[in-house]
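# Residue-level structure breakdown
Now for the letters of each chain:
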Amino acid sequence: MSNSNVRTIRVAILLAVLVTGLMGASIYKIVSLKLSPPAQLLAATVTVNSTSRQLAIRGRILDRKGRILAASRTGFKLFIDPSIVEDFEMISFELGEILSMPPAEIEQILRMKQNSRYVVLSSLLSKEQVLAINTLSYRCLGLEERLVREYPHGDIGGALIGLVGTEHTGLAGFENKYNNKLTGESGKFVRSRDSKRNTVWISPDDFTPKSDGDDVQLSIDVVIQEIASTCLLAEVKRCNAGGGRIIVADPETGEILAMADILNPREGWSQQPEDPNRIIDPRLGRNRCITDPYEPGSTFKPFIWSVATELGKAKVDEILPTPTNGPYKTKSNRTIRDAYYYGPSTWEKVLIKSMNSGMAIVSQRMSYVQLQDAVKRFGFGQLTHIGLGGESRGIITSPANWDEYTQTSVSMGHEIAVTPLQMVQGFCAFARNGTVPQLQLKLSTDEDVMFVRKAITPEIAALTRKIMGKVMTEGTGMRSQSEQYKLFGKSGTAQLPRADGSGYFDDRYIASFIAGAPIDNPKLVVLCVIDDPDKSIGHYGGTVAGPVVRDVIEQSLNYLRVPPSIDYLANASR
Amino acid sequence: MARKLILTILVLSFAMLELLAVRQEQINTVHAMTQLHRKIDASNEELIAIQIQIEIACSPSALSTNVALAKSTNEQQ
């Protein structure tokens, strides 16, 4: 063996011994530290694992154009651990300045809960307050992330959208209905902290990523909602009514574009529409467009008129023996009064002038089953299945109790109660080809299958629409006719029923008006119900609710860029 | 034989060092990822806050108030 080889072997052995020695020493140190760590080291190196939550953002509620109706953002709440506070006075003074709270109050809270580990001092901090808190170096203070639900459009559509509770779960309206879809799944991760509570490691194995909630897009249009709410509120105030309801729908798709419900408590009035939940929060109130049926009065006549015509019970130009002077007497000697007595009139005129006597005459030609079927065809007495809670089916006399009195009453829209939503759904048949669409509050997509129910033939729907166009020019809707668009509609004025079931008030009413436009290619159907307007100001559907419907239709169609009628354009160009 | 032993020790040492470096790099990457995620989350939060502010400023009621205000200002001038 040469000298160089011997040297190499020695170096190798030396290196091997050195490396083995170092590794052995390291292993010994590790084992000794693990088995019996020195007390000083133990105190300094205690590792604390803490699980942190990663908040999932709740999905947004959007209107049909993608405008935000409700969205969540993260905010911070301030908490304190009073058990480790060293100087109560000092910290109270500093926090008092930031939170704009009296320091004495903070100190009192801290001293009262001295043994607590978690006391919330502010449930939501502003951006500036968060920055200011971050400059403080108290170990006892902590910021906790929380979600804040924002409603950028304030109370517009508030009752429809609903609200969330402190746990950020939906309590009412869409927030409640789509809670599962809107709610995401929070993530979590485990932090390993050192003795100074600094994060030293987050293991990827202990990390569950958050999953934010999905957005929900509604059929509501904020602009139309604002138009409808503003017009309705102005009219309710003007005629000192107990409240008002309005619905705007697209008859083509069955989508609800706006829905508003206003209450106007008045002093000194008995039996007013009320809702105790609204006192807690307006967003918690019930949506009376869905929950509270009302007597539709003459707005119900087109439904019976169209079915009677389809059944051949009367021809449009047939002259009926409507009275010239004084009320009409039915076969069972019931007295039917009209607002005006026009003498013998055509079946067409009966609808245009809203003659109760004419409706009673033709309803007597129909069998009970035929009239009951007419009511059912348009969806009255059945749920619309729009998807919001508390929906009412309305009130319809049962076939067992249906008599001649009912037969004549229902033909005039009395002895029957419907929800505004049912009215709009049924009226859409006249704006379409005689089919009743499934109403919806969620934006429909091209892939959605549209469910419709046949009510009347397309020809009868077109005929009824045409005659309701004359209601606007020659009948009870004259004051509600639009200059810009040709409307078709019907007014209704029903007496207010007494809550105790003892009949009706003589001088208190429910005024309503329902209309669609433009008459040739309807894009909108609008119903307005004014509850108990002050009779000294006005109480007829055509004068109280009609102008609201007209204004909403005009403004909404302008907004939707629907061109005005040719007549209007011709006059405007002169 | 000896050379092979030295070579093995050196290669193993180098490999261990590389493994340590890779692990450190992994920690750095995870840290960078976390920072990035936090930045994305913060940006998203800011975005939502801005969206809400825009929505409030562009709400129909705010717009009509502003238009009415602008009209009255113009009329006064």
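Residues numbered from 1 in each chain as written. Chains lettered and ligands numbered in written order. Predicted model: local features only at pLDDT ≥ 70, side-chain atom pairs only at ≥ 80, totals over all residues. Heavy atoms only, no water.

## Comments concerning the sheet that holds strand E21 (residues 524-531) of chain A
Residues and elements named next belong to chain A. Spatially, 5 strands are ordered E10-E9-E21-E20-E19 in an open sheet, and the strand pairing comes out antiparallel. The two strands at the open ends of the sheet, each matched to only one other strand, are strand E10 (255-263) and strand E19 (488-497). Within the sheet, the average angular offset between the axes of one strand and its neighbour, ignoring direction, is 10 degrees. Here E19 runs beside strand E20 (residues 504-517); their pairing, made up of 9 bridges, is antiparallel. Bridge assignment links Ser 491 to a residue of E20, and that residue is Phe 513. Those strands touched by helix H9 (residues 222-238) are strand E9 (243-250), E10 and E21, and its axis lies near 30 degrees from that of E10. In the packing of helix H20 (residues 546-559) onto the sheet, contacts are made with E9, E20 and E21, and the angle to E21 comes to roughly 145 degrees. (Pairing = 2+ DSSP bridges. Helix = DSSP H or I, 4+ residues; strand = E, 2+ residues; numbered from the N terminus. Axes fitted to C-alpha atoms, helices over the stretch in contact; angles between N-to-C directions. Contact = heavy atoms within 4.5 Å.)

## Focus: the pairing of E19(A)
Burial of E19(A) is extensive: 7 of the 10 residues sit out of reach of the surface. The turn joining E19(A) and E20(A), which pair antiparallel and follow one another in sequence, is formed by 6 residues; a positive phi near 80 degrees is taken by A:Gly501. (Buried < 20%, exposed > 50% of the residue type's maximum accessible area, 1.4 Å probe, protein only.)

## Notes on the interface of chain A and chain B
With 24 residues of chain A at the interface, the matching set in chain B holds 15 residues. Of the roughly 1,800 Å² buried between chain A and chain B on both sides combined, carbon and sulfur atoms contribute 74%. Considering only the surface of chain A that becomes buried against chain B, A:Ile68, A:Pro152 and A:Trp201 emerge as the three largest contributors, covering 22% of it. The tally of links from chain A across to chain B stands at 0 salt bridges. Summed over the shared surface of chain A and chain B, the result is 4 residue pairs in polar contact (both at pLDDT 80 or more). Counting only elements with at least two residues in the side of chain A that touches chain B, the list comes to helix H1 (3-35), strand E3 (68-80), strand E5 (141-150) and H9 of chain A. Broken down by class, the residue content of the side of chain A that touches chain B amounts to 12 nonpolar, 5 polar and 7 charged. (Buried area = accessible area lost by both parts, 1.4 Å probe. Salt bridge = Lys/Arg side-chain N within 4 Å of Asp/Glu carboxyl O. Polar contact = N/O pair within 3.5 Å; in protein donor to acceptor, adjacent residues only side chain to side chain. Nonpolar A, V, L, I, M, F, W, Y, C, P; charged D, E, K, R; others polar.)

## As for the confidence of the model for chain B
Detailed conclusions should not be drawn from predicted coordinates in areas where pLDDT is low. When pLDDT is averaged across chain B, the result is 87; 100% of the residues are at 70 or more. Interface confidence for the predicted complex, expressed as ipTM, amounts to 0.72; the pTM equals 0.83. (pLDDT = per-residue confidence, 0-100.)

## Concerning the nonpolar core
Residues and elements named next belong to chain A. If you look at the biggest cluster of nonpolar residues, it comprises 81 residues, and the most contacted ones within it are Ile 256, Met 259, Phe 300, Trp 347, Phe 378, Met 423 and Leu 441. The element best represented in this core is helix H17 (residues 420-431), accounting for 8 residues. The contacts of Met 259, once residues within four sequence positions are left out, are Leu 160, Ile 220, Gln 225, Ile 246, Ile 247, Asn 287, Cys 289, Ile 290, Leu 421 and Leu 441. Counting 34 residues, the second-largest nonpolar core is a separate cluster that includes Ala 258, Ala 511, Ala 545 and Val 548. (Core = buried A, V, L, I, M, F, W, Y, C linked by side-chain atoms within 4.5 Å.)

## Considerations on the state of the cysteines
Residues and elements named next belong to chain A. Applying the stated criterion across every chain, the model contains 0 disulfides over all chains. For the unlinked cysteine Cys 239, the closest cysteine sulfur is that of Cys 528, found at 8.7 Å. A disulfide-free cysteine, Cys 428 has its sulfur positioned 14 Å from the sulfur of Cys 289, the nearest such atom. (Disulfide = S-S within 2.5 Å.)

## Some thoughts on the packing of aromatic side chains
All names here are of chain A. According to the stated counting rule, one finds 13 aromatic pairs over all chains in the structure shown. With centroids separated by 4.9 Å and ring planes inclined at 65 degrees, the aromatic side chains of Phe 303 and Phe 378 adopt a geometry described as edge-to-face. Separated by 75 residues along the polypeptide, Phe 303 in helix H12 (residues 301-310) and Phe 378 in the loop between helix H15 (368-377) and strand E15 (395-396) bring together distant segments of the chain. Note on Phe 378: relative accessible area 0%, which makes it buried. Taking 5.4 Å as the distance between ring centres and 35 degrees as the angle between the ring planes, the aromatic pair formed by Phe 303 and Phe 430 counts as tilted. With a gap of 127 residues between them, Phe 303 in helix H12 and Phe 430 in helix H17 connect regions that are remote in the sequence. Judged by its relative accessible area of 0%, Phe 303 falls in the buried class. Here Phe 430 falls in the buried class, since its relative accessible area comes to 0%. Three or more aromatic residues joined by ring pairs make a cluster, and in this case those are Phe 300, Phe 303, Phe 378, Phe 380, Phe 427, Phe 430 and Phe 488. Its end group placed over the ring of Trp 269, Arg 266 keeps NZ or CZ at 3.8 Å from the ring centre. (Phe/Tyr/Trp six-rings, centres within 6.5 Å; stacked < 30°, edge-to-face > 60°. Lys NZ or Arg CZ within 6 Å of the ring centre and 35° of its normal.)

## Some words on the pairing of strand E6 (residues 187-193) of chain A
Here is the key point about a regular strand: its side chains alternate between the two faces of the sheet. Residue and element names in this part refer to chain A. Across the 7 residues that make up E6, a large majority, 5, are buried. Pairing analysis gives 7 bridges linking strand E1 (residues 48-54) to E6, with the strands arranged antiparallel. By the bridge assignment, Arg 53 is partnered in E6 with Lys 188.

## Looking at H12(A)
All names here are of chain A. A large share of H12 lies buried, amounting to 9 of its 10 residues. Of the residues making up H12, those classed as buried are Lys 301, Pro 302, Phe 303, Ile 304, Trp 305, Ser 306, Val 307, Ala 308 and Thr 309. Two residues or fewer after H12 comes Gly 312, characterised by a positive phi angle close to 75 degrees.

## Looking at the pattern of salt bridges
All names here are of chain A. Inspection of the entire model under this criterion finds 26 salt bridges over all chains. A salt bridge links Arg 286 to Asp 292; the nearest nitrogen and oxygen atoms lie 2.7 Å apart. By relative accessible area, which is 28% here, Arg 286 ends up partly exposed. Between Arg 550 and Asp 551 there is a salt bridge, with its nearest N and O atoms 3.2 Å apart. What emerges from the salt-bridge pattern is a single network uniting Arg 245, Asp 261, Asp 275, Arg 278, Arg 286, Arg 288, Asp 292 and Asp 531.

## As for the side chain of A:Gln272
Residues and elements named next belong to chain A. Turning to its location among the elements, Gln 272 is positioned in the loop between E10 and helix H10 (276-280). Side-chain polar atoms of Gln 272 contact the backbone oxygen of Arg 266, separated by 2.5 Å. In this view, Gln 272 contacts Asn 264, Pro 265 and Arg 266; residues no more than four positions away in its chain are not counted.

## Focus: the packing of H15(A) against helix H16 (residues 404-411) of chain A
Relative orientation and spacing of two packed helices are given, respectively, by the angle between their axes and the distance between those axes. Residues and elements named next belong to chain A. The geometry of H15 relative to H16 is characterised by a closest axis approach of 11 Å and an angle of 35 degrees between their N-to-C directions. For the crossing formed where H15 meets H16, the hand is left-handed. Across from Tyr 368, Leu 371 and Val 375 in H15, the residues of H16 making contact are Glu 404, Gln 407 and Val 410. Taken together, the residues of the contact of H15 with H16 sort by class into 4 nonpolar, 1 polar and 1 charged. (Left-handed = near helix turned anticlockwise from the far one by under 90°.)

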